[in-house]
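Secondary and tertiary structure notes
Chain by chain, the residues:
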Amino acid sequence: MIQVQIINQGSQPLPAYATQQSAGMDLRADISEPVILKPLERHLFPTGLRIALPPDCEAQVRPRSGLALKHGITVLNTPGTIDADYRGEIGVVLVNLSSEPFTVNPGERIAQMVFARCEQAQLIQVDTLSETERGEGGYGHTGTK
């Protein structure tokens, strides 16, 4: 289990897992009054939360599936990465991809946060790469089977 230090400077409860096997914790909009997102409009929502991650970890901010399916609301930079050395407030950029306005209310669950271990890479410049069965086949290369 990853241990994460957290400061809650907002008015909402700390994020928590909804079930024992949930992958993400819900993030809430720490706003004092409703915000209306017009179609194709984006807005940065504060959460009131600041965290300190271990050096080999990141937190990913992801959309909530219900908001995406029912209302066309998603996180614009999905997944948003919170680096281990970031100490500022966690913000969530939502965008309304529907044709209808959507109201985000104070305390509404707007995204989920998933923690993951990660490694930095050392890039080694070479002249050729090893051959594979796929080779340079790109998007859609493997078909629809």
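Everything below is about the structure shown above.
Being a predicted model, the structure only gives us computed values, none of them experimental.

Some remarks on the sheet that holds strand S6 (residues 57-62)
Judged by pairing direction, the sheet is antiparallel, and its 4 strands sit side by side in the order S2-S11-S6-S8 without closing on themselves. Each edge of the open sheet carries a strand with a single partner, namely strand S2 (25-28) and strand S8 (80-82). Ignoring strand direction, the axes of neighbouring strands in this sheet form an average angle of 35 degrees. Relative to strand S11 (residues 109-117), S6 is paired through 6 bridges, and the arrangement is antiparallel.

Description of the nonpolar core
Generally speaking, nonpolar side chains in soluble globular proteins are found buried as a group. Grouped together as the largest cluster of nonpolar side chains are 27 residues, with contacts concentrated most on Phe45, Leu94 and Val104. Of all elements in the fold, only S2, strand S3 (35-37), strand S5 (49-52), S6, strand S7 (73-75), strand S9 (91-96), strand S10 (102-104) and S11 reach the threshold of two or more residues within this core. No other element matches the 4 residues that S11 contributes to this core.

Thoughts on unusual backbone geometry
A cis amide bond links Thr78 with the next residue in sequence, Pro79, at an omega value of -15 degrees. Structurally, Pro79 can be placed in the loop between S7 and S8. Of note in the backbone geometry, Leu40 takes a positive phi value of approximately 70 degrees without being a glycine. As for its placement among the helices and strands, Leu40 is situated in the loop between S3 and strand S4 (42-46). Using a relative accessible area of 64% as the deciding quantity, one classes Leu40 as exposed.

Describing the sheet that holds S7
Adjacent strands of a sheet pair through backbone hydrogen bonds, lying either parallel or antiparallel. Here 3 strands make up an open sheet; going across it, the order is S4-S9-S7 and the pairing antiparallel. Whereas interior strands pair on both sides, the edge strands pair on one side only; in this sheet they are S4 and S7. Taken over all neighbouring pairs, the strand axes of this sheet differ in orientation by 35 degrees on average, direction set aside. Note that S7 and S9 share 3 bridges and pair antiparallel.

Focus on the side chain of Gln12
Inspection of the secondary structure assignment puts Gln12 in the loop between strand S1 (5-8) and S2. At 3.3 Å, the side chain of Gln12 and the side chain of Ser11 are in polar contact. Leaving out residues up to four positions away in the same chain, Gln12 has contacts with Arg28, Ala29, Asp30, Pro106 and Gly107.

The rules behind each value
- Residues numbered from 1 in each chain as written.
- Predicted model: local features only at pLDDT ≥ 70, side-chain atom pairs only at ≥ 80, totals over all residues.
- Heavy atoms only, no water.
- Pairing = 2+ DSSP bridges.
- Helix = DSSP H or I, 4+ residues; strand = E, 2+ residues; numbered from the N terminus.
- Axes fitted to C-alpha atoms, helices over the stretch in contact; angles between N-to-C directions.
- Core = buried A, V, L, I, M, F, W, Y, C linked by side-chain atoms within 4.5 Å.
- Buried < 20%, exposed > 50% of the residue type's maximum accessible area, 1.4 Å probe, protein only.
- Polar contact = N/O pair within 3.5 Å; in protein donor to acceptor, adjacent residues only side chain to side chain.
- Contact = heavy atoms within 4.5 Å.

That's the geometry; what it means functionally is another story.
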